[in-house]
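# Reading the structure
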Amino acid sequence: MISAPRHVARIPSWAHPAVLLAHMGKVRAGHAAHLATIATPHVRYLAIIPEIVMLGGAVLLLAGGSLVQRQMRARVATFATMAVSGAALGVSLWQWADVTSHGPFTSVDHAVIVDGFSALVNVLVCCAMFLTALVADGYLRRERVDGAEMYVLAMVSATGAMVMGSANDLIVVFLGLEILSIALYVLAAFNHRRAASGEAALKYFILGSFSSAVFVYGIALVYGATGTSNLAQVAGFLSKNVLASDGLLLAGMSLLVVGFGFKIAAVPFHMWTPDVYQGAPSPITGFMAAVAKAGAFAAFLRVFVSSFGLLRTDWQPVVYALAVVTLLLGAGLAVVQRDVKRMLAYSSINHAGFVLLGLEAATARGVSASLYYLFAYTFMVIGSFAVVTVLGRRGDAAHDIASYRGLARRQPALALAFAVLLLAQAGAPFTTGLWAKLQVLLAAVDHQVPLAVIAMVSAAVAAFFYLRVAVLMYTPLPEAGALPGVEPPAEDAVPLFVGLGASGAVDPAALERALADTRPESVDQLRAAQTVPARPVWTGTDRNVAGLDRLNAGLLLDEDPMTLALVGARTAAPSLALDTLAGGGGDTTDLSNVGPVGAVRVPPLAAIAIGLCLAVTVVFGFWPGPLTSFAHHATLLFLP
């Protein structure tokens, strides 16, 4: 019998296979639990609630339109959009009140910032969306288009603009830019019955995609130079470090300028603007002019004043050059436009140049002036395009400037509203346009007097085409077959002295009395009749009157083919050949848009939109304090 050894090594309890397996299972479970835990940033929903309301309303409206059996009526979609915009405006004002009481804050891992700047942009975009809904209702009903698609896309685009205003990270800026742009590409082509609308959308999409690619490449270069895309961290990096070679950062900044320049329609990145403004539906054109500029300028101001403020000496010359060419080319090309929508497109380019004055100043005063300009311009441009929408008639194509002649006689209230809004854009006294231009000019004068002078010159040039449309509206159409006066072939000598008779004989008594009172020379030296070949311009000779008549006829389009067609010149003046009405000399004028010269129906909601825009423009022109204070406090709460 073999006995077991006395000293047997005992296996510790912790090394027992079952215990080890259980321990390994606990380790795996703990490790898996650790891997499953994702650190999520704290989200204060007040920071993004305006965007949630606007985007959520768009989604609900789209879902509601998809679930009902019949297509949603335009009037139902209009009131739903107005309700969503009003709710977003309410929470934006609540956001403003919270910021003024408790100060600015960031959320979503410091990617979103809530301050007076972002709150003002949200209020501005919500007001623009509300007004656009009022204007678009009459357009959709006139064009017999039902459904909520236009409103859904517009609210999505407005959400993108709001995101850009609240962005504290370049990635978030790009996200908002794409949300804003993609919806606008579709909206530009919304009127599928017009080939010009599809062409405008295609141009906008191609150039917009290119500019987005340039913009995101600029973000990549800035990230490579600073190691972060957060705006506050970029500013902190630049304040604590001196780059031995800043070429990468400057290249990134240049590409960002190109991306922003496209969205604000600054020269030379403006090529898309006239065609897109002309081809897009008129309510969408007004929305685009207001909201796209507001969102793009909000991000432009925050990125360059907040993050790249220490490098202002590097980018200010570039913005200076952009402002100069934008001001001059926008005003100069608007003068020669026949289509009112194209004229307003170049006008918007000129206005972008004025907003660039505040950016170029790179001061709190400049930022405040730019914000005020954007706010005032939003109401002026949406009101102007509301009138253009109403006068566009069925098909939204009757926008030739000749069709506006005599509008005051047909519809005096509409003509008065349009004239006031146009004069406000020109900077007329007692309108918000005057204060907007004055504020940006004062910000520019602080350190760049030549730039302010150039801006004033461009404003004077721009006043011409605004005044021309206003004068045309208050000038009646010419009578059928009437042509301006023809210059006489020759002109008889005009006596210089009033005492000369019709035959040139001198009245001795009258001559002696006159000479005794006025001339020291002897009477014998001045007995002969004195004549001159013609009078000065201001005396009103037949030749001068005829010349002024021709000038006025040119300005008022008396001999214009469109005007002649409007007054029935083809039947009243048979001597005018058809090629003359078509432009003559190889040039052609589209006469297909000539409609009946009569009053047009103004939809009630469009009338309300025009009235609201007019009220804001005039009331705050007489009483500018609230808006200037709003913009000023937004700058004080802005975190540079």
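Residues numbered from 1 in each chain as written. Predicted model: local features only at pLDDT ≥ 70, side-chain atom pairs only at ≥ 80, totals over all residues. Heavy atoms only, no water.

### Concerning the overall build of the chain
- Counting secondary structure elements, the chain contains 25 helices and four strands.
- Here the chain holds 640 residues, and 51% of them are scored as buried.
- The long-range fraction of contacts in the chain, counting pairs at least 24 apart against all pairs at least 6 apart in sequence, stands at 81%.
- Surface exposure of the chain reaches about 28700 Å², of which carbon and sulfur atoms provide 66%. (Helix = DSSP H or I, 4+ residues; strand = E, 2+ residues; numbered from the N terminus. Buried < 20%, exposed > 50% of the residue type's maximum accessible area, 1.4 Å probe, protein only. Contact = heavy atoms within 4.5 Å. Areas by Shrake-Rupley, 256 points an atom, 1.4 Å probe, with all protein chains shown as cover.)

### Some points on the state of the cysteines
- Under the criterion given, the structure shown has zero disulfides.
- Free cysteine: Cys126, not disulfide-bonded; nearest cysteine sulfur from Cys127 at 7.0 Å.
- When its relative accessible area of 1% is taken as the criterion, Cys126 is described as buried.
- Note on Cys127: relative accessible area 16%, which makes it buried. (Disulfide = S-S within 2.5 Å.)

### Considerations on the packing of helix H14 (residues 364-391) against helix H16 (residues 412-426)
- Where H14 meets H16, the closest approach of the two axes is 9 Å, and the angle between their N-to-C directions is 145°. Two packed elements cross with a definite hand, and for H14 against H16 that hand is left-handed. Where H14 approaches H16, its residues Tyr377, Phe379, Met380, Gly383, Ser384, Val387, Val388, Val390 and Leu391 are matched on the opposing element by Leu414, Phe418, Leu421, Ala424 and Gln425.
- Residues belonging to the contact of H14 with H16 are distributed by class as follows: 11 nonpolar, three polar and no charged. (Axes fitted to C-alpha atoms, helices over the stretch in contact; angles between N-to-C directions. Left-handed = near helix turned anticlockwise from the far one by under 90°. Nonpolar A, V, L, I, M, F, W, Y, C, P; charged D, E, K, R; others polar.)

### Examining the nonpolar core
- One finds Met288, Phe304, Phe308, Leu356 and Leu357 to be the most contacted residues of the largest nonpolar core, which totals 182 residues.
- Residue contributions to this core peak at 19 residues, all from H14.
- With residues near it in sequence (within four places) discarded, Phe304 still touches Met253, Leu256, Val257, Phe260, Gly309, Trp315 and Leu359. (Core = buried A, V, L, I, M, F, W, Y, C linked by side-chain atoms within 4.5 Å.)

### Here we look at helix H5 (residues 149-166)
- An ideal rise of 1.5 Å per residue puts 26 Å on 18 residues; H5 measures up with 26 Å between its terminal C-alpha atoms.
- Most of H5 sits out of view: 15 of its 18 residues are buried. (Expected span 1.5 Å × (residues − 1).)

### Things to note about the confidence of the model for the chain
- When pLDDT is averaged across the chain, the result is 80; 75% of the residues are at 70 or more.
- Every residue in residues 483-504 is under pLDDT 50, and counting partners more than four places away or in other chains gives 39 contacts.
- Under a pLDDT of 50 for its full length, residues 569-589 has, in the predicted model, 24 contacts with residues more than four places off or in other chains. (pLDDT = per-residue confidence, 0-100.)

### Concerning the packing of aromatic side chains
- Scanning the model with the defined rule gives 22 aromatic pairs in all.
- Geometrically, the ring pair formed by Trp96 and Phe630 is edge-to-face, given 4.8 Å between the ring centres and 90° between the ring planes. Here Trp96, found in helix H3 (residues 74-102), pairs with Phe630, found in helix H25 (residues 625-636); they are 534 residues apart in sequence, far enough to count as distant. Assigned by exposure class, Trp96 and Phe630 land together as buried.
- Judged by centre distance (5.4 Å) and plane angle (70°), the ring pair of Phe304 and Phe308 falls under edge-to-face. (Phe/Tyr/Trp six-rings, centres within 6.5 Å; stacked < 30°, edge-to-face > 60°.)

### A look at the pattern of salt bridges
- The final tally for this structure, using the stated rule, is nine salt bridges.
- Among the ionic pairs, Asp137 bridges to Arg75, the shortest N-O distance being 3.0 Å. Taken together, the residues Asp137 in helix H4 (residues 116-142) and Arg75 in helix H3 connect sequence positions 62 residues apart.
- Taking the relative accessible area as the measure of exposure, Asp137 reaches 1% and is therefore buried.
- When its relative accessible area of 28% is taken as the criterion, Arg75 is described as partly exposed.
- Put simply, Lys203 and Glu199 hold a salt bridge, and the shortest N to O gap is 3.0 Å. Here Lys203 and its partner Glu199 are both found in helix H7 (residues 195-226), four residues apart, which amounts to about one turn of the helix.
- Judged by its relative accessible area of 30%, Lys203 is partly exposed. (Salt bridge = Lys/Arg side-chain N within 4 Å of Asp/Glu carboxyl O.)

### Quick notes on a nonpolar patch on the surface
- On the surface, Val445, Val449, Val453, Val457 and Val461 cluster together into a nonpolar patch covering about 360 Å² of accessible area.
- Looking at which element gives the most residues to the nonpolar patch, the answer is helix H18 (residues 449-473), with four residues.
- Checked against the element boundaries, Val461 lands in helix H18.
- Overall, Val461 belongs to the partly exposed group, its relative accessible area being 33%. (Patch = residues over 30% accessible without salt bridge, like charges linked within 9 Å, V, L, I, M, F, W, Y side chains within 5 Å.)

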